[in-house]
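Listed below, chain by chain, are the residues.
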Amino acid sequence: MPARKPHAQARIEGVRSGILATWDFPMDLTIISTYRCNSKCQMCYIWKNPTDPKEEVSLETLSKLPGGFDNLNVSGGEPTLRRDLGEIIELLHPKARILEISSNGLHPEKLVPIIRRFPDIKVRFSLEGNETTNNAIRGEKDGYATKMAGLRMLQEAGGKDLGFAFVIQDENVDQLVKVYELARSMGVELSTSTLHNAWQFYKNDNYFYDRVGVARKVEGLITAMLGSGKPKNWFRAYLNLGLIEKILGHPRLIRCTAGTDFAFIDPWSDVWTCNVRSDLLMGNLARQPWEEILASGQAHKAIQKVHACEQNCWMVTTARTAMRSSLIPQAPKMGPLLWVLKNKLKVSLGRPIAFDEYIDYSRVEPSPLKPRTSYLQGRHKAPLVRGRNTVDARYPLKEFQNN
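It should be emphasised that the depicted structure is a prediction, and the values quoted were computed from it without experimental measurement.

### So, the state of the cysteines
Then, in step 1: All chains considered together, the criterion is met by zero disulfides.
Then, in step 2: Distance from the sulfur of C44, which forms no disulfide, to the nearest cysteine sulfur (C41) is 5.9 Å.
Then, in step 3: Between C309, a free cysteine, and C313, which holds the nearest cysteine sulfur, the sulfur-to-sulfur gap is 5.8 Å.
Then, in step 4: For C309, a relative accessible area of 28% puts it in the partly exposed group.

This is the structure we're talking about:
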């Protein structure tokens, strides 16, 4: 085994298409800093499974991470509930080209000093539609108003990369383009994802009521994004094309590269190839050096499972890394690039995008009917369970379907 490079573009050995190979990669990393959350979302039950602050990944453990990550996302749960969030950001900021905080936006005042210190940090507030829709889906009293005021606070503090994150589902897809237009009017970004089942969300019953109806509404966002003057939005349009495939239950546009191009660290310091399957554990950062985890037999076995995985988990992290060129990491692969150029030209000429040439709407995966319930009304407090010392105790759900 060759010596490890002392950064996140570590050279590791693994199996691609059955051939033992060695390669370099710019890695993304998501740190799930806590499972405590003050939202009560209907599509995510993190808030029902809070972690004990004493058991959450520590600064000492995070200091073991190398530098050289591409996108490093501090997520949750709700990261602003960590009292040491400022120290976490101070520690991690030099270790990544882009440092991101994914927040529900309910405590924007905790992010103001961070943005003043590091105005280049990327911040996304979860927003699921207009005031009524957002608050119902996310179980947030006054959530919408708090996020609007909070994002303006961060703008005034000098934030340069701010925006909203929208989870596409039956209940809000009618408002998708309007939220995109709202973001543009505020001079901020919009990222999108859709319903997923995953160990991180403690959910395995997220299904669409009307797959085709939801997918067709996403076409409007794709067209709007290609009509903008920002190349970043053009490639987000392709990402949303992948979301249509995921919504319909089709295979991924591009195969997943979990464990090689990105990884997740959960609140107990366990390192995972992805945040969906609970059988893809790579190691534990509290007990092992980062380089040892990447080189371990356990990691290699998990990556081999990824290569055989047939689930369509098309999230921002999994899609963004899959779209990257292996030659120029900041550039897209040829397939997404050609699709974007062709359809950007069409939209610029006032011609419609022929979505049915790309998407087979005649083939739709059936969905079980699993109603989602708003937790906006009433009192809903989850008990804190301490001493969850095994993966089985932490993640009791084992089957996750994302097709």
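### Brief notes about helix α5 (residues 143-156)
Then, in step 1: Compared with the 20 Å implied by 1.5 Å per residue over 14 residues, the 20 Å span of α5 between its first and last C-alpha is a close match.
Then, in step 2: The set of residues buried in α5 consists of G143, Y144, K147, M148, G150, L151 and L154.
Then, in step 3: Those residues of α5 that are buried are in contact with α3 (112-117), β6 (122-126), α4 (131-138), β7 (161-168) and α6 (176-186).
Then, in step 4: Positive backbone phi, at 105 degrees, marks G158, one or two positions downstream of α5.

### Some words on the pattern of salt bridges
Then, in step 1: Taken as a whole and assessed by the stated rule, the structure comprises 27 salt bridges.
Then, in step 2: Among the salt bridges present, the one from E56 reaches R36, with a minimum N-O distance of 2.8 Å. Of this pair, E56 sits in the loop between β3 (28-32) and α1 (59-62) while R36 sits in the loop between β3 and α1; the two residues are 20 residues apart in sequence, bridging distant segments of the chain. A single burial state applies to E56 and to R36, both of which are buried.
Then, in step 3: With a closest N to O distance of 3.0 Å, R372 and D170 form a salt bridge. Taken together, the positions of R372 in the loop between α13 (355-358) and α14 (391-394) and D170 in the loop between β7 and α6 put the pair 202 residues apart, joining distant regions of the chain.
Then, in step 4: Members of the salt-bridge network, linked through shared partners, are D28, D70, R97, R320 and R324.

### Notes on the nonpolar core
Then, in step 1: Ranked by size, the top nonpolar core spans 111 residues in total, and within it L65, F164, I222 and W290 carry the most contacts.
Then, in step 2: Looking at this core element by element, the count peaks at nine residues for helix α8 (residues 231-248).
Then, in step 3: Aside from chain neighbours lying at most four places away, what touches I222 is A237, N240, L241, I244, W339, I353 and F355.

### Details of the side chain of E100
Then, in step 1: Mapped onto the fold, E100 is located in strand β5 (residues 96-103).
Then, in step 2: Residue classification places E100 among the buried positions, given a relative accessible area of 7%.

### Observations concerning the packing of α8 against helix α12 (residues 334-348)
Then, in step 1: Following both chains from N to C, one finds α8 and α12 inclined at 110 degrees, their axes separated by 9 Å at the closest point. As the angle between them shows, α8 and α12 are arranged roughly perpendicular. Between α8, through W234, F235, A237, Y238 and L241, and α12, the contact on the second element is made entirely by P336, L337, W339, V340 and K344.

### What to know about the packing of aromatic side chains
Two aromatic rings, taken as a pair, are described by how far apart their centres are and by the angle between their planes.
Then, in step 1: Per the counting criterion, the structure on display carries 15 aromatic pairs.
Then, in step 2: Between the aromatic rings of W199 and W272, the centroid separation amounts to 4.8 Å while the plane-to-plane angle is 40 degrees, which identifies the pairing as tilted. Of the two residues, W199 sits in the loop between β8 (189-194) and α7 (211-226) while W272 sits in strand β10 (residues 270-272), which places them 73 residues apart along the sequence. Judged on exposure class, the residue W199 and its partner W272 are both buried.
Then, in step 3: Between Y238 and W339 the ring centres are 5.6 Å apart and the planes differ by 70 degrees, which places this aromatic pair in the edge-to-face class. Of this pair, Y238 sits in helix α8 while W339 sits in helix α12, and the two are 101 residues apart along the sequence. Note on accessibility: Y238 and W339 belong to one class, buried.
Then, in step 4: Taken together, the aromatic side chains of Y35, W199, Y202, W268, W272 and Y395 make up a single cluster linked through ring pairs.
Then, in step 5: Seen from the ring of Y45, K48 lies directly overhead, with NZ or CZ sitting 3.9 Å from the centre.

### Points about α7
Then, in step 1: The first and last C-alpha atoms of α7 sit 23 Å apart over 16 residues, in line with the 22 Å expected at 1.5 Å per residue.
Then, in step 2: For α7, the complete set of buried residues consists of R211, V214, A215, V218, E219, L221, I222, M225 and L226.
Then, in step 3: Contact partners of the buried residues in α7: β7, α6, β8, α8, α12 and α13.

### Things to note about the sheet that holds strand β9 (residues 262-265)
Then, in step 1: Spatially, nine strands are ordered β8-β7-β6-β5-β4-β3-β9-β10-β11 in an open sheet, and the strand pairing comes out mixed. The sheet is open, and its two borders are formed by β8 and β11 (281-284), each paired with just one other strand. In this sheet, neighbouring strand axes are inclined to one another by 25 degrees on average, regardless of whether the strands run parallel or antiparallel.
Then, in step 2: Sheet topology places β3 next to β9; four bridges connect them, and they run parallel. Looking across to β9, one finds that I31 is bridged to I265.
Then, in step 3: The sheet contacts of helix α2 (residues 85-92) involve β3, β4 (69-75) and β5, and relative to β4 the element is tilted by about 175 degrees.

What counts and what doesn't
- Numbers given to residues run from 1 along each chain, matching the order in which its sequence is written.
- Side-chain atom pairs in this predicted model are given and counted only at pLDDT of 80 or more, local residue features only at pLDDT of at least 70, and totals for whole chains, interfaces and linings cover all residues.
- The basis for the side-chain values is all heavy atoms of the structure; hydrogens and waters are excluded.
- When two cysteine sulfur atoms are found within 2.5 Å, that pair is recorded as a disulfide.
- Summary of the burial criterion: residues with accessible area below 20% of their type's maximum are buried, those above 50% are exposed, and those between are partly exposed, where the area comes from a 1.4 Å probe applied to protein chains only.
- A run of H or I in DSSP counts as a helix once it spans at least four residues, and a run of E counts as a strand once it spans at least two, with each numbered from the N terminus.
- To estimate how far a helix should reach, multiply one less than its number of residues by 1.5 Å.
- We call two residues contacting when some pair of their heavy atoms lies within 4.5 Å.
- One speaks of a salt bridge when a side-chain nitrogen belonging to Lys or Arg is within 4 Å of a carboxyl oxygen belonging to Asp or Glu.
- Each nonpolar core is a collection of buried residues, namely Ala, Val, Leu, Ile, Met, Phe, Trp, Tyr and Cys, held together in the definition by side-chain atoms within 4.5 Å.
- With axes taken as lines fitted to C-alpha atoms, and helix axes fitted only over the stretch in contact, angles between N-to-C directions fall between 0 and 180 degrees.
- Oblique is the label for any angle not covered by the other classes, which are roughly parallel (under 35 degrees), roughly antiparallel (over 145) and roughly perpendicular (65 to 115).
- Here a pair means two rings of Phe, Tyr or Trp (six-membered ring of Trp) with centres within 6.5 Å. Their orientation is stacked below 30 degrees between planes, edge-to-face above 60, and tilted elsewhere.
- Only when the NZ atom of a Lys or the CZ atom of an Arg is both within 6 Å of the ring centre and within 35 degrees of the ring normal do we say a charge sits over the ring.
- Here, any two strands with at least 2 DSSP bridges between them count as paired.

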